[in-house]
Structures are given as structure tokens and as C-alpha cells.
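Here are the chains, one letter per residue:
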Amino acid sequence: MIPQKNRFSEADDWDEPEEEAYRVLSKEEMRALQASNALKNPPLSPWKILAAQVVLTAFSMVFWSFFGDPIGINLYTQSAFLGGLTSVLPSTLFLIRLELAKKTQVLNPGNYLAALVSGEFIKIVVTLMLFLGIAYWVSGVFWVPLLVTYVLALKCVWLAWLWR
């Protein structure tokens, strides 16, 4: 339907609505607003997510230990451990890289962005090296427990939504 001019009003339907006026906050008001938002949504430490990956890897190892011939530590358990290690070790290196960047720079966003990108590159390279190393040098590895544990450990980030 095409808007038409109201015959009884001086306002035109095609006119832009008036913009809302923005109010500039003072430093004290901004700090109070940030403090109230911080209390509502506390920041989640990435180290907690890493700890959750370790715990989930341990649970996965216990689960897969029931599938081997001798129940306990067997090749299924070792494969699950390697899958968890393939997720936890690169994530640890990434977090260490970000922590070092936080300590060495003085609130320079460019340096922190470079640390973020280089940390992600390190994470990808180490993950590929671990998968290739496991494929070439670990004989008899079971790929199903390894990949299931790897994917579950990667998805621990989703638990962060439950912790908030």
C-alpha cells in the first residue's frame, strides 16, 4: 500500500521521523553503567573453558575405557586422550599467547589484534601437526574415540552459555 497524504493533517507520511536526541554521559555515569553491566554479565575466564576441556577429556577417557578388551587403560582410552590433547594443547598455547600480549602491551589494540591472529595461526598449525603426528607415528590408534573426544572438547565453549 502506498502511503497517502492525510487531508486533515499538515504532516506528510513521506517525512522522516524526528531523530532521538542523544545524551552524552559523564565519566562517572559511564563508570556506573559499566559497573552495573559487569555485575549483570560477569566475564567468563577462558581458562575455565580450558579446564572444562580437560575434565571432558577425562570423562571421555573413562567412557571409552569400557570398549577395550581389558577394561581400563587400553587403546581406546589412549585414543581418547590423544583427541583431548589435540584440542587442549593448541588452546593452551593460544591462551598463553593472549596472556603474554596483555602483559606486554599498553592498551594498544593493534598489538592485541596481531597477537590474536598469530595465536590463532599457532593454534591451527599445532593442531595440524598433532593430527599428522598421530597419523604417522601412533600405530593402531582408533580414530572414532580420538575424533569424538576432539569434537566434544572443542564444543566446551558452548558450556560458557550455561555458566552465564
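That block above? That's the structure.
(A) Just the overall build of the protein chain, in detail. Scanning the protein chain from terminus to terminus reveals 6 helices and 0 strands. Taken from the N to the C terminus, the helices and strands of the protein chain come in the order α-α-α-α-α-α. For the protein chain, the proportion of contacts with a sequence separation of at least 24, taken over those separated by at least 6, is 65%. Accessible surface, the protein chain: about 12700 Å² in total, of which carbon and sulfur atoms supply 68%.

(B) Up close: the environment of Trp143. In this fold, Trp143 is placed in helix α5 (residues 143-154). As for Trp143 and Ala80, which are separated by 63 residues in sequence, their C-alpha atoms are 8.7 Å apart. Discounting residues that sit within four places of it in the chain, Trp143 has contacts with Phe131, Ile134 and Ala135.

(C) Geometry of the pattern of salt bridges. Under the criterion given, the structure shown has 1 salt bridge. Linking Lys102 and Glu99 is a salt bridge whose minimum nitrogen-to-oxygen distance equals 3.8 Å. Of this pair, Lys102 and Glu99 both sit in helix α3 (residues 75-104), 3 residues apart, roughly one helical turn. The class of Glu99 is partly exposed, set by a relative accessible area of 25%.

(D) Quick peek at the packing of α3 against helix α4 (residues 109-137). Contact geometry of α3 with α4 gives a least axis separation of 9 Å together with a crossing angle of 160°. Here α3 is positioned roughly antiparallel relative to α4, judged by the angle of their axes. Relative to α4, α3 is oriented so that their crossing is right-handed. When its residues are assigned to classes, the contact of α3 with α4 shows 16 nonpolar, 5 polar and 4 charged.

(E) Spatial organisation of α4. The end-to-end C-alpha distance of α4 is 41 Å, a good match for the 42 Å that 29 residues give at a rise of 1.5 Å each. Taken as a whole, α4 has its buried residues at Ala115, Gly119, Val126, Thr127, Phe131, Gly133 and Ile134. Looking at the buried residues of α4, the elements they touch are α3 and α5.

(F) Representation of the nonpolar core. Leu82, Phe131, Ile134, Val141, Leu146 and Tyr150 together form the largest nonpolar core, which totals 6 residues. Broken down by secondary-structure element, the contributors of at least two residues to this core are α4 and α5. If we ignore the near neighbours within four places in the chain, the residues touching Val141 are Ser79, Leu82, Ile134 and Leu146. In terms of nonpolar packing, the next biggest core, distinct from the first, is built from 5 residues, Leu50, Phe94, Leu95 and Leu98 among them.

(G) View of the packing of helix α2 (residues 46-64) against α5. Two numbers describe how α2 lies on α5: the axes approach to 9 Å, and their chain directions differ by 150°. Overall, the two elements α2 and α5 adopt an arrangement that is roughly antiparallel. In this structure, α2 crosses over α5, and the sense of that crossing is right-handed. Here Gln53, Leu56, Thr57, Ser60 and Trp64 of α2 come into contact with α5, specifically with Val144, Pro145, Val148, Thr149, Leu152, Ala153 and Leu154.

(H) Structural view of a nonpolar patch on the surface. There is a patch of nonpolar side chains on the surface, built from Trp47, Phe81, Leu85, Leu89, Leu93, Ile96, Leu100, Phe121 and Ile122 and spanning about 770 Å² of accessible area. Of all the secondary structure elements, the ones that give two or more residues to the nonpolar patch are α3 and α4. Top contributing element to the nonpolar patch by residue count: α3, with 6 residues. Structurally, Leu100 can be placed in helix α3. Looking at Leu100, the relative accessible area reads 49%, which means it is partly exposed.

Cut-offs and rules
Residues numbered from 1 in each chain as written. Predicted model: local features only at pLDDT ≥ 70, side-chain atom pairs only at ≥ 80, totals over all residues. Heavy atoms only, no water. Helix = DSSP H or I, 4+ residues; strand = E, 2+ residues; numbered from the N terminus. Contact = heavy atoms within 4.5 Å. Areas by Shrake-Rupley, 256 points an atom, 1.4 Å probe, with all protein chains shown as cover. Salt bridge = Lys/Arg side-chain N within 4 Å of Asp/Glu carboxyl O. Buried < 20%, exposed > 50% of the residue type's maximum accessible area, 1.4 Å probe, protein only. Axes fitted to C-alpha atoms, helices over the stretch in contact; angles between N-to-C directions. Parallel < 35°, antiparallel > 145°, perpendicular 65-115°, else oblique. Left-handed = near helix turned anticlockwise from the far one by under 90°. Nonpolar A, V, L, I, M, F, W, Y, C, P; charged D, E, K, R; others polar. Expected span 1.5 Å × (residues − 1). Core = buried A, V, L, I, M, F, W, Y, C linked by side-chain atoms within 4.5 Å. Patch = residues over 30% accessible without salt bridge, like charges linked within 9 Å, V, L, I, M, F, W, Y side chains within 5 Å.

Take it as geometry only, folks, not as evidence of what the structure does.
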